[in-house]
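This is what each chain is made of:
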Amino acid sequence: MERLRTLPGDDVRQIMWRFADRYDLQMVVQSSRSVARTTAARLVADGARNTHEWTPEKAELLKAFDASGLTGMFMEPEQGGFLAGPKNLAMCLVAFELSWVDGGAATCNLATDLALAPIHERGTQEQKDYYMSKCVPPQPGEDREVWRGAFALTEPLPYVGVDTGVVSGKVRIDEWKEGEEPMLQVEKRGRFITNMAFANFVTAAVNTDDERIKSSCMVILEEGDEGTYDPGAPTLKMVHQLSATNDPVLSLKVPASRIIGGYTVQDGMIVPNYSHGEIIAAVFQRTRIPVGVMTSAKLLSAVEPVIRYQRGRFRGGESKPGTPRYELGLQQNEDANHRLLDVWSTGESMASLGFAAGRMADDFDPIEKEKERIFAEQEIKGPRAQMKALKPKEQDAIEMIQLRAKPEGDRDQARLDALEADPLVQYSYLSAMSNVYIPACKLWNTGYGCQMMREAVAMMGGYGITEDCPGFLGQKWMDAQLEATYEGPEVVQRRQLALSMTGPVFAAQLTAWIDELRLHAQETPGRGHCTLATAFELWAWTVEHLQSAKDPEGKPLMHGRRQGVTFALADALAWLVAVKCFMDDVDELAEKGPMNAVVAEGLDALVDFFGDMATWQAARAAGEAGRVAADLVFGYILHPDCAGECCSADAAGNLFEGAEAFYALRRKVDAAVAGARLAKDRAAADLTKVMIPEALDYPL
Ligand SMILES: Cc1cc2nc3c(=O)[nH]c(=O)nc-3n(C[C@H](O)[C@H](O)[C@H](O)COP(=O)(O)OP(=O)(O)OC[C@H]3O[C@@H](n4cnc5c(N)ncnc54)[C@H](O)[C@@H]3O)c2cc1C
């Protein structure tokens, strides 16, 4: 039977990550790749990461971004950009390509977009037009500098971090002359602020320090404003050195029109239209996705150099061409292949989850704008009032999910069409789903990805931790930890996931997924669908059980303060959702691949390989979910006096009501893993035969 011939190329990725019909995005990929594999790779190879300072050599990156079109990608065509509409998927693709070589270069590219994001999400039209056009490189005939921005939320200890409930930067009214615009005095000290070495403006989160300013807000600070605009000392970081990070000191006088999203004056008081927390929530909703995608690129980029290293391990010694030792090197050993497969299948699931989240954010952007428009029209203001108004739409969203899950002939199509055409129903659906996908992506991709990066480095032996390790793997390992840290470390994601994973809309979707996966399992057996369906069932059962379970003191287990329970469930869910996205992408490839001449050749082999990888990854995820479920279900029951018998199945069955149902599900999960190791063996064997290019296509 034919098996995998080459590593998956661009045509395959375009189908899996759903941009085969987007020529504009394919061009963006090419531009980013050329910057990554020339300017960025040369900087890393030449040791630019060995200094904390922002040097002229590093600044070449900015010029390369400008020249390749990446700087202007975030802007709308009328602001000087070239991509119309939502750009989350585009940003993910750029992040993927750049961090394939260097995560710092990717961050450097994204940081101005992060600075602009508060303006993009909640700014007034004037603010949007002004700052976006300043940040676009000059067009032919124009003579001006490109503006770069920095985003300042994080503050010196004890306020470091992205817990938006605490912010110590302050804003007060400096001068407010009758009939004139108020002037504000802003005090903000930042810590770990990306781009600050060269930023011309900063979007800063500040709290009110004046009884005439109603709430916190975000303000735009410019280099030329009156007062102190001190970029501060560079951070002595060991990661992402191709981005600039500083601890700025900002003490500036600015007009009130710099409040992002504007303000109204009510009873002699400035009332910002958006608090800093509202703006930051909208910003991070989107910008956390490319960070997760960055880590996925690290794992996938490790596959080729590791194979090359493993195969060549014993060449040049006694072994002769044609002998297994010469041809396969370390790949003669099962473990070498199995471990690389773990890295690869993790990387695939991470990328699939990241790009799915990116696409979802693209769908969400216009819907969110429409929701804002409708609420403005109906004068429904503030998060609470909006939530109340949206509550009935939740039921509609659930109905929509249930109708979609029915076969076309069996459902009320007119009702489904009506629900799908209602922007508030779509909003309800997409916000529930993206509130799971996005934190899961940031949490799992970066956190577990970082652990798997260690595996990739380990496969290179001592070479892995040297600077000349091909693919810069050692550096990528360390960089991954920063990706797990910034824009909210793991706990912040777990907190968000813990809130959203128990919502009714997501629960309805989960039920629909289980049915859909079972159907797929019948249609295309051997791709892990059944394993995943069963694992989802166990996870959902555990959530439901824990919602009424109590500890020996009678305290509820499913409670915001019990991070031991909710966070463990969040982690398990992230594993499962990631595999779901990978399986969706494999299914998409199997369906659409035959229509593409390049992909069609060898498609069956590729789908078999990915199917085996998905089966294996589903088994790993199911194992993880099963372990967490058992931990939580039994771990909070007082262990009866153990005389060696209490842990037998019979006795344990009595430990809580419903134990039999749990055991039945656990047994199902174990049984559903049947064949997963065989799938792993097959896919791992493919690694020994797959063709790779002679050399990496970027310098060492
Ligand atoms: C190189 C770099 C660049 C950065 N760029 C920017 C930037 O451009 N703009 C900006 O504003 N910020 C930036 N940051 C800041 C970054 O967002 C924060 O460092 C990050 O969010 C982590 O916050 P922290 O360092 O305060 O860690 P902490 O929040 O103190 O976290 C420390 C540990 O405690 C855990 N923890 C925190 N809170 C809880 C809780 N409630 N319950 C349980 N555990 C908890 C965390 O998960 C973590 O493991 C950057 C940071 C770095 C290192």
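Reading the values: the criteria
Residues numbered from 1 in each chain as written. Predicted model: local features only at pLDDT ≥ 70, side-chain atom pairs only at ≥ 80, totals over all residues. Heavy atoms only, no water. Helix = DSSP H or I, 4+ residues; strand = E, 2+ residues; numbered from the N terminus. Rg over C-alpha atoms; globule rule 2.2 N^0.38 Å. Buried < 20%, exposed > 50% of the residue type's maximum accessible area, 1.4 Å probe, protein only. Contact = heavy atoms within 4.5 Å. Areas by Shrake-Rupley, 256 points an atom, 1.4 Å probe, with all protein chains shown as cover. Lys, Arg positive; Asp, Glu negative; His and termini not counted. Charge placed at Lys NZ, Arg CZ, Asp CG, Glu CD. Near = heavy atom within 4 Å. Polar contact = N/O pair within 3.5 Å; in protein donor to acceptor, adjacent residues only side chain to side chain. Nonpolar A, V, L, I, M, F, W, Y, C, P; charged D, E, K, R; others polar. Axes fitted to C-alpha atoms, helices over the stretch in contact; angles between N-to-C directions. Parallel < 35°, antiparallel > 145°, perpendicular 65-115°, else oblique. UniProt positions renumbered as here; feature names shortened; annotations may be inferred. Salt bridge = Lys/Arg side-chain N within 4 Å of Asp/Glu carboxyl O. Pairing = 2+ DSSP bridges. Expected span 1.5 Å × (residues − 1). Bend = angle between axes of the 7 residues up to and from the residue. Core = buried A, V, L, I, M, F, W, Y, C linked by side-chain atoms within 4.5 Å.

As a further point, take the overall build of the protein. Each helix and strand in the protein was counted, giving 22 helices and ten strands. Here the C-alpha atoms of the protein give a radius of gyration of 26 Å, agreeing with the 27 Å that 2.2 N^0.38 yields for 700 residues. Considering the protein as a whole, with its 700 residues, one finds that 58% of them fall into the buried category. Counting contacts in the protein only where the partners sit at least 6 residues apart, residues at least 24 apart contribute 75% of the total. Surface summary for the protein: the accessible area is close to 29,200 Å², and the carbon and sulfur share equals 52%. Side-chain charges in the protein split into 73 positive and 100 negative, and the spacing between the mean points of these groups amounts to 3 Å.

Further remarks concern the site of the ligand. If you check the shell around the ligand, you find 21 residues, and the closest are F151, L153, T154, F192 and T194. Within the backbone of L153, a nitrogen or oxygen atom sits 2.8 Å from an oxygen atom of the ligand. Within the backbone of G161, an N or O atom sits 3.2 Å from an oxygen atom of the ligand. Surface burial for the ligand is 68%, taken as the share of its 970 Å² of free accessible area covered by protein chains. By residue class, the composition of the shell around the ligand is eleven nonpolar, seven polar and three charged.

Look at helix 10 (residues 383–405) against helix 15 (residues 504–523): their axes get within 9 Å of each other, and the N-to-C directions meet at 5°. In terms of orientation, helix 10 lies roughly parallel with respect to helix 15. Contacts from E394, A397, I398, I401 and A405 of helix 10 reach helix 15 at P504, V505, A508, Q509 and A512. Looking at the contact of helix 10 with helix 15 residue by residue, the class counts come to eight nonpolar, one polar and one charged.

Residues annotated by UniProt as "domain: Acyl-CoA dehydrogenase/oxidase N-terminal" (unreviewed entry) correspond here to residues 33–135. Strand forms 0% of residues 33–135 and helix 68%; the C-alpha atoms that close the span are 22 Å apart.

Tallying each qualifying case throughout the model produces 55 salt bridges. Of the charged contacts, one joins R286 and E121 as a salt bridge, the two residues approaching to 3.6 Å between their closest N and O atoms. Residue R286 is located in helix 7 (residues 276–312), and its partner E121 is located in helix 5 (residues 103–122); the two are separated by 165 residues in the primary sequence. Just as R286 is buried, E121 falls in that class too. R286 is the salt-bridge partner of D365, the closest N and O atoms lying 2.8 Å from each other. Within this pair, whereas D365 is found in helix 9 (residues 334–377), its partner R286 is found in helix 7, the two being separated by 79 residues in sequence.

Turning next to the environment of T566. Note on placement: T566 falls in helix 17 (residues 563–592). By relative accessible area, T566 is classed as buried at 6%. Spatially, the C-alpha atom of T566 lies 17 Å from that of A432, the residues being 134 residues apart in sequence. Among residues more than four places away in sequence, those in contact with T566 are A498, M501, M558 and H559.

Before going further, it helps to spend a moment on the pairing of strand 5 (residues 201–208). Where burial is concerned, most of strand 5 is hidden: six out of the eight residues are buried. Pairing of strand 1 (residues 149–152) with strand 5 involves four bridges; the strand directions are parallel. Among the inter-strand pairings, G149 is bridged to a residue of strand 5, identified as F201. Taken together, the two bridges between strand 2 (residues 170–175) and strand 5 define a ladder with parallel strand orientation. Among the inter-strand pairings, V171 is bridged to a residue of strand 5, identified as T208. Bridge analysis of strand 5 against strand 6 (residues 217–222) gives six bridges, and the strand direction is antiparallel. Each residue of the ladder has a partner; that of V206, found in strand 6, is C217.

What follows concerns the side chain of T295. Examined against the element boundaries, T295 turns out to sit in helix 7. Of the residues examined, T295 reaches a relative accessible area of 0% and is grouped as buried. Non-local contacts of T295, meaning those with residues more than four positions away in its chain, are made with M350, N445, T446, G449, C450, A480 and E483.

With that settled, consider the UniProt feature "domain: Acyl-CoA dehydrogenase/oxidase C-terminal" (unreviewed entry) in the protein. UniProt records the feature "domain: Acyl-CoA dehydrogenase/oxidase C-terminal" (unreviewed entry) for residues 436–499 in the present numbering. With 72% helix and 0% strand, residues 436–499 has end C-alpha atoms that lie 9 Å from one another.

For helix 5, which comprises 20 residues, the first-to-last C-alpha distance of 28 Å matches the rise-based estimate of 28 Å (1.5 Å per residue) to within 8%. Taking the largest bend as the criterion, helix 5 deviates by roughly 40°, centred on L116, and proline P118 comes between one and four positions later. Among the 20 residues in helix 5, 20 count as buried, and that is most of the element. Of the residues that open helix 5, the one with a side-chain oxygen 3.0 Å from the backbone nitrogen of G104 is D102.

Here we come to the nonpolar core. By size, the foremost hydrophobic cluster in this structure holds 202 residues, and its most contacted members are Y437, W539, L589 and F610. In contact with W539, not counting residues within four places along its chain, are M501, F506, L510, L569, A572, L573 and L576. Core analysis: the next-biggest nonpolar cluster, separate from the first, contains 23 residues, Y229, L252, A256 and I259 among them.

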